[in-house]
Amino acid sequence: MKKAVFAALLVTLSLGRMGLHAVAEDAITIDVGDESRIQEFVVIVSDLDQVLPAFRDVLKWKVKLEGPIDRTVLNAWGLSTKLEGREVLLGNDASDYGFVRLVELSDVDQQLIRPGARWWDTGGTLNINVLVKDLQATVDGLRALGWYARAFPEEYIYPGNVRGSSMIMIGPDDLMLSFQERRSPPLTGWPDFDGATHIEVGYEMAPDVRAWTAFYRDVVGFEVRDISTRGGSEGPIGPNDFGLPHNSTGLDLSELGGARPFDGEQLLGVRAQLQATGYDFSDRAAPPNKGIAAIRLPVGDVDALADRIMEADIPLAAERQIVDLAPYGQVKLLAVRNPGGGNQWVEFFEAGAEPMDRADFQKLLQGGLSGTWQAFGSTTGGISEWNDDGSARVTFGRGEAVGSWALKGNALCTSWTTLRDGRESCAVYYDLGGNRYQSYTMTGQPEGFTVYGD
């Protein structure tokens, strides 16, 4: 059992982060075993107020959180932590996953991820799909907000005589959403919903379906679909959801794959157009660009996943770090750009991040320790030395300082003869793996990153 002082320090950290969001619902807990889901899609938009009514009023999703974007998120995206941004998290009222997080950023260079919203362009996620109660009401509501479609609703018949109709619509920032209304048999096993249920599918456009599938199967550990083909008939394709001329032949031929988070009902899909090909926007499929910028997936052990990613020689887009990801709390997060050529930015996070306890900190500091440090959100850094006799030394751009350190509870407390007027300052540390650590002040503010030892 952790010592009482450790619990007290955690309370202090929690209090230090309160009040960040203007509207915030209760925290959403993600436990081990809950990683069988797609938690959210991050959609970066030019005007949040313009896009919000589509999800809130037409899909009838609940605003689960609203407020400024956290600096730790900006840092994970490789952006300046001084940027201003706001976000709204929305989802079906009966669901605690399958959300959309709308983000608006200020004073940063951005591009549209998939300008034109065309099926046959490569890169990033093409669309996200939800099941709706009333397709016509959804279409009418979105049209009233300025959304449009390239094709009429289509009737579908899936294996097992599953019947319904579907429609694709395009909104601000060329965001593409796909809607399906189930006709028969009645939809079962899903959370109840009014306008639309949670996100069911998101399709990435990547030229190498096999590399994409291998990553999710062999590295992430998801269940994957057999790779298949769609379309490619010898005659005219007729009416189609691609927006292609009806008299075109073979231009609908595509290769499809998919990965399912364990036994969940959601799917990450991948599609490669084999005949109709266009631009390659794969370099844009990441924050801060506008459109479907990121996918967030919970995992049970992000350190083990990091090991598998490195073994597969896949570069990390964002190193492991602690992120204040409301409403899930502090998480340990890393990001990759999906293999296979689509390059979609995907974040894997482990919820319930906790700082090191006293015993682990004592073991780390035993015999003295030195390492390189970098201040959070800054290029400022240097070398820190914690000697076994309690003395300390730190170097930085302007010079150096000497002082003392002590472990109080699970916090490292320092005082410097020439800094902070000699006042003591304490911080807790999180183990990020690979000898990397991240520190937070006792008011819950991110302090910096340190690499100790070899």
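All residue numbers refer to position in the chain's written sequence, counted from 1. Restriction of local features to residues with pLDDT of at least 70 applies here, the model being predicted, together with a cutoff of 80 or more for giving and counting side-chain atom pairs; totals for whole chains, interfaces and linings are based on all residues. Side-chain figures throughout are based on the complete set of non-hydrogen atoms in the structure, without hydrogens or water.

**Q** Which parts of the structure should I look at to understand the confidence of the model for the chain?
**A** Low pLDDT marks stretches whose predicted atomic positions should not be read closely. pLDDT expresses, on a scale from 0 to 100, how confident the predictor is about each individual residue. Confidence along the chain averages 90 in pLDDT terms, with 93% of residues attaining 70 or more. What makes two residues a contact is simply this: any of their non-hydrogen atoms within 4.5 Å. In this model, residues 1-20 is a region of pLDDT below 50 whose contacts with residues beyond four sequence positions or in other chains number 27 contacts.

**Q** I tried to follow the packing of aromatic side chains on my own but got confused; where do I start?
**A** We describe a pair of aromatic rings using the distance from one ring centre to the other and the angle between the two ring planes. In this analysis, rings of Phe, Tyr and Trp, with Trp reduced to its six-membered ring, are considered paired at centre separations within 6.5 Å, and the interplanar angle assigns stacked below 30 degrees, edge-to-face beyond 60, and tilted for intermediate values. Applying the stated criterion across every chain, the model contains 14 aromatic pairs. With 5.8 Å between their ring centres and 25 degrees between their planes, tyrosine 216 and phenylalanine 222 make a pair best called stacked. Across the pair, exposure class does not vary: tyrosine 216 and phenylalanine 222 are buried alike. Over the face of the ring belonging to tyrosine 203 we find arginine 271, whose NZ or CZ atom lies 5.2 Å from the ring centre. Relative accessibility decides the category of a residue: with a 1.4 Å probe and only protein chains considered, values under 20% of the type maximum give buried, values over 50% give exposed, and everything between is partly exposed. Lysine and arginine charges are scored as sitting over a ring when NZ or CZ, respectively, is within 6 Å of the ring centre and within 35 degrees of the ring normal.

**Q** I keep staring at the sheet that holds strand S25 (residues 436-441) and nothing clicks. Help me out?
**A** What holds strands together in a sheet is hydrogen bonding between their backbones, with the strands either parallel or antiparallel. Pairing within the closed barrel is antiparallel, and its eight strands lie in the order S19-S20-S21-S22-S23-S24-S25-S26. Neighbour-to-neighbour, the strand axes of the sheet open up by a mean angle of 35 degrees, direction not taken into account. Sheet topology note: the S25/strand S26 (residues 446-452) ladder contains five bridges and is antiparallel. The partner of tyrosine 437 across the bridge, within S26, is threonine 450. Axis definition: a line fit to C-alpha positions, over the contact stretch in the case of helices; interaxial angles, taken between N-to-C directions, run 0 to 180 degrees. Each helix is a run of DSSP H or I of at least 4 residues and each strand a run of E of at least 2, with the numbering of both proceeding from the N terminus. Against the sheet, helix H7 (residues 358-365) contacts strand S19 (369-375), strand S20 (381-386), strand S22 (399-408), strand S23 (411-416), strand S24 (425-433), S25 and S26, and its axis sits at roughly 135 degrees relative to S22. For two strands to count as paired, DSSP must find a minimum of two bridges between them.

**Q** Honestly, the nonpolar core in this entry has me stumped. Any pointers?
**A** Burial of nonpolar side chains together is a common tendency in soluble globular proteins. Here the nonpolar core consists of buried residues drawn from Ala, Val, Leu, Ile, Met, Phe, Trp, Tyr and Cys, with membership extended through side-chain atoms lying within 4.5 Å. Counting 56 residues, the largest nonpolar core has Phe55, Leu102, Tyr216 and Phe348 as the members making the most contacts within it. Setting aside residues no more than four positions away along its own chain, leucine 102 makes contact with Val43, Val45, Leu48, Val51, Leu52, Phe55, Arg86, Glu87, Val88 and Leu90.

**Q** Help me out: how do you make sense of the state of the cysteines in this one?
**A** Throughout this description, disulfide means a covalent bond between two cysteine sulfur atoms. Note on terminology: disulfide denotes any pair of cysteine sulfur atoms within 2.5 Å. Per the stated rule, a full pass over the model turns up one disulfide. Across the disulfide, cysteine 413 is cross-linked to cysteine 426 (sulfur-sulfur distance 2.0 Å). One quick way to see it: the torsion about the S-S bond of cysteine 413 and cysteine 426 is about 110 degrees, and its sign makes the bridge right-handed. You can see cysteine 413 sitting in strand S23 and its partner cysteine 426 sitting in strand S24, a full 13 residues away along the chain. Of the two residues examined, cysteine 413 and cysteine 426, each falls in the buried class.

**Q** What should I look at first to understand the pairing of S20 in this one?
**A** Each regular strand carries side chains that alternate between the two faces of the sheet. As defined by bridge partners, S19 adjoins S20 across six bridges and the pair is classed as antiparallel. Residue pairing across strands places glycine 371 opposite serine 384, the latter belonging to S20. The sheet contact formed by S20 and strand S21 (residues 391-396) spans four bridges and is antiparallel. From the neighbouring strand, glutamate 385 faces S21, where its bridge partner is arginine 393. Hairpin connection between S20 and S21: a loop of four residues separates the two successive antiparallel strands, and glycine 390 in this loop has a positive phi of roughly 95 degrees.

**Q** Help me understand the side chain of serine 384 in this model?
**A** Mapped onto the elements of the fold, serine 384 is located in strand S20. When its relative accessible area of 4% is taken as the criterion, serine 384 is described as buried. In this structure serine 384 touches Leu369, Ser370, Gly371, Trp373, Arg393, Val394, Thr450 and Tyr452, once residues within four positions along its chain are discounted.

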